[in-house]
Every structure is written in C-alpha cells, then in structure tokens.
Amino acid sequence: MKLNQTTLDKLEDVLEESGYVVRYERGTFQSGYCILEQKKVVVLNKFLMQESRINTLLELIPQVNINFDALTAGSQKLYEEVMALAEAKAKATNEES
C-alpha cells in the first residue's frame, strides 16, 4: 500500500462512508488518535506526518464499527485490504509470543 495523499484520502473515505467524522486537532493523544464512539468522531493528531496518519488509520479502522454495505465498491476493496493487513499483523504478533 502506497503511503501517499490518495491513500490517506481513501482511508478517510472508508470512515466517512460509515458515518464517522474525521477531524485533525491538537492534543495529547497517546497513540495519535482519539475515538468518540457515541458520536462517531475520529480525532487524529494534526501534527502527525502523512505516513503516520496513514499508519494510524490502518491501525484504527479494524477497531471501529464499519458498515461494509454502506461503502462504495472501491472503499469495500480497500477495507478488505486493511482488514487483511490487520489480520496478518495480528498473526505475526501471535507467532512471536
């Protein structure tokens, strides 16, 4: 997966198509983001570099409730890629333990 602005925009689209609002704000975020689940707001640290923003969204998307059926075809494909990456990462982590 390329770490460019287009990828960042597409990852944001996945969240937005599921009803989440993505905002960039200042703050003391432990992991670069904050989820306000009841209001479906994802707040990312605005001082993160583009690569870090993408990596943060790749970590975040598997943790939130995404409505797969509400996604466009392109977003569904990207969501499946993100979930496959998360699954591979979890499997690698489990094998190390």
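Just so it is clear, the model here is predicted, and its values are computed rather than measured. (Residues numbered from 1 in each chain as written. Predicted model: local features only at pLDDT ≥ 70, side-chain atom pairs only at ≥ 80, totals over all residues. Heavy atoms only, no water.)

**Brief notes about the packing of helix α1 (residues 5–17) against helix α2 (residues 50–60)**
It is the contact of α1 with α2, at a shortest axis distance of 10 Å, that shows an interaxial angle of 30 degrees. Relative to α2, the element α1 is oriented roughly parallel. With respect to the hand of their crossing, α1 and α2 are arranged in left-handed fashion. Along its contact with α1, which presents Gln-5, Thr-7, Leu-8, Leu-11, Glu-12 and Leu-15, the element α2 presents Gln-50, Arg-53, Ile-54, Leu-57, Leu-58 and Leu-60. A per-class count over the contact of α1 with α2 returns seven nonpolar, three polar and two charged. (Axes fitted to C-alpha atoms, helices over the stretch in contact; angles between N-to-C directions. Helix = DSSP H or I, 4+ residues; strand = E, 2+ residues; numbered from the N terminus. Parallel < 35°, antiparallel > 145°, perpendicular 65-115°, else oblique. Left-handed = near helix turned anticlockwise from the far one by under 90°. Contact = heavy atoms within 4.5 Å. Nonpolar A, V, L, I, M, F, W, Y, C, P; charged D, E, K, R; others polar.)

Interpretation in functional terms is not warranted from these geometric data alone.
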